[in-house]
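Descriptive analysis of the structure
If you want the building blocks of each chain, they are given just below.
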Amino acid sequence: MRDNIIEHIKDNIMNFFIIVTLVDVAIFISGMILAPDAKLGYDSYILPVLIGFLGIIPGLIMYSKKELTIKQVIIRNVLQLILTEAIILSFLVGPSIFSSEENRAGVIAICISVAVIYIAVIVIRYFLDLKTAARITEALKAYQEEESNKA
Amino acid sequence: MEIKIRKIDGSEQEYIEIGCHRENEKVDEIVRFIRNLDGSISGSTGGKQYEIPVSDIFYIESVDNRTFIYTSNDTYAASMKLYEFEDLLKMRSFLRISKSTLLNLMKVDSVKPALNGRFLCSLKNGEEVIISRKYVSDFREYISRKVR
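Remember, predicted model here, so these are calculated numbers, not experimental data.

**Some words on the nonpolar core**
Buried together is how nonpolar side chains tend to be arranged in soluble globular proteins. Counting residues in each nonpolar core, the largest one holds 26 residues, and the members touching the most others are Leu103(B), Leu105(B), Val111(B), Cys121(B), Leu123(B), Ile131(B) and Phe139(B). When contributions to this core are tallied by element, the ones reaching two or more residues are helix H4 (101–150) of chain A together with strand S4 (66–70), strand S6 (94–98), strand S8 (108–113), strand S9 (119–123), strand S10 (128–131) and helix H3 (133–147) of chain B. Setting aside chain neighbours within four positions, we find Leu123(B) in contact with Phe58(B), Tyr59(B), Leu103(B), Lys107(B), Val108(B), Asp109(B) and Val129(B). Ranked by size, the runner-up nonpolar core spans 17 residues in total, among them Phe16(A), Ile19(A), Ile51(A) and Ile110(A).

Now the structure itself:
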């Protein structure tokens, strides 16, 4: 069980760094489109880190000691996305979420960004795993050949 | 019980003989053990007992406290527990890939990612088995250690 928890924490640390990088990219792109002349202070550097940390909280909470089926993983991912949206929205917008028309547009933009980043994290992780799988398969073939030669 | 070991000439075929008053469970267990060492495992299907060559086994799985041996097309029930198989077959390319599965690495065709940090092993008979998260790093380490 301890090994499972360690693996789960490692997974979430990796997710954290991917999220921070993607949030940085998202801020750069949306900033260039919406407010290209805006000047930001040093404090803005901490925002991606905070969002990264908030983004992994649902993942940390949703630890399961059981091996989940594909269906359970999908359900959990959807719940995790909803929870992530709620946490990040309450952090960035706070209680004034639907107070004005302008806020509403901002909320929608944040929701879309969070969803895009969430999906991007899954896709990036999948591609990293794909690379790992290719390496394992290659090593496995070498192992099989070695063992066959021994026999 | 007295144990006798007699060296024989290289030209003769090696054999093991058991002297017993009657063939009981203990004797059967010794026979099973020797056969396992010799490269086959006992399994039953359709009420009949079979000797399954280890090289034919794709994976061994524990389901509801029962152990099953899977070959390319058949499934056999086994009397041994999964951890006993793990111990017995650890030198014969078998590796634990989840709490309930012991995999013959020689029967793996390829590995691909599944969701949630797990990996899927496609076997040479087209079947797929999951390497659970906990065992992924052990699996990687084992393979890379062996081919170093």
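Okay, back to it.
**Concerning the interface of chain B and chain A**
Taken together, the contact pairs 26 residues of chain B with 29 residues of chain A. Interface area lost by chain B to chain A is led by Pro113(B), Leu115(B) and Arg133(B), which between them contribute 25%. When the shortest N-O distance is used, the salt bridge between Asp109(B) and Lys141(A) registers 3.5 Å. At the level of secondary structure, the elements contributing two or more residues to the side of chain B that touches chain A comprise S8 and H3 of chain B. Broken down by element, the residue count for the side of chain B that touches chain A peaks at nine residues, all from H3(B). A class-by-class count of the residues in the side of chain B that touches chain A yields eleven nonpolar, six polar and nine charged.

**What about the sheet that holds S9(B)?**
All names here are of chain B. Strand order in the open sheet made by the three strands is S8-S9-S10, with antiparallel pairing throughout. Edge positions in the open sheet fall to S8 and S10, since each of these has one partner strand only. Ignoring which end each strand starts from, the neighbouring axes of this sheet average 25° apart. Examined bridge by bridge, S9 and S10 share four bridges and lie antiparallel to one another. Each bridged residue has a counterpart across the sheet, and for Phe119 the counterpart in S10 is Ile131. Where H3 meets the sheet, its contacts fall on S8, S9 and S10, and the angle it forms with S10 comes to roughly 95°.

How each quantity is defined
Residues numbered from 1 in each chain as written. Chains lettered and ligands numbered in written order. Predicted model: local features only at pLDDT ≥ 70, side-chain atom pairs only at ≥ 80, totals over all residues. Heavy atoms only, no water. Core = buried A, V, L, I, M, F, W, Y, C linked by side-chain atoms within 4.5 Å. Buried < 20%, exposed > 50% of the residue type's maximum accessible area, 1.4 Å probe, protein only. Helix = DSSP H or I, 4+ residues; strand = E, 2+ residues; numbered from the N terminus. Contact = heavy atoms within 4.5 Å. Buried area = accessible area lost by both parts, 1.4 Å probe. Salt bridge = Lys/Arg side-chain N within 4 Å of Asp/Glu carboxyl O. Nonpolar A, V, L, I, M, F, W, Y, C, P; charged D, E, K, R; others polar. Pairing = 2+ DSSP bridges. Axes fitted to C-alpha atoms, helices over the stretch in contact; angles between N-to-C directions.

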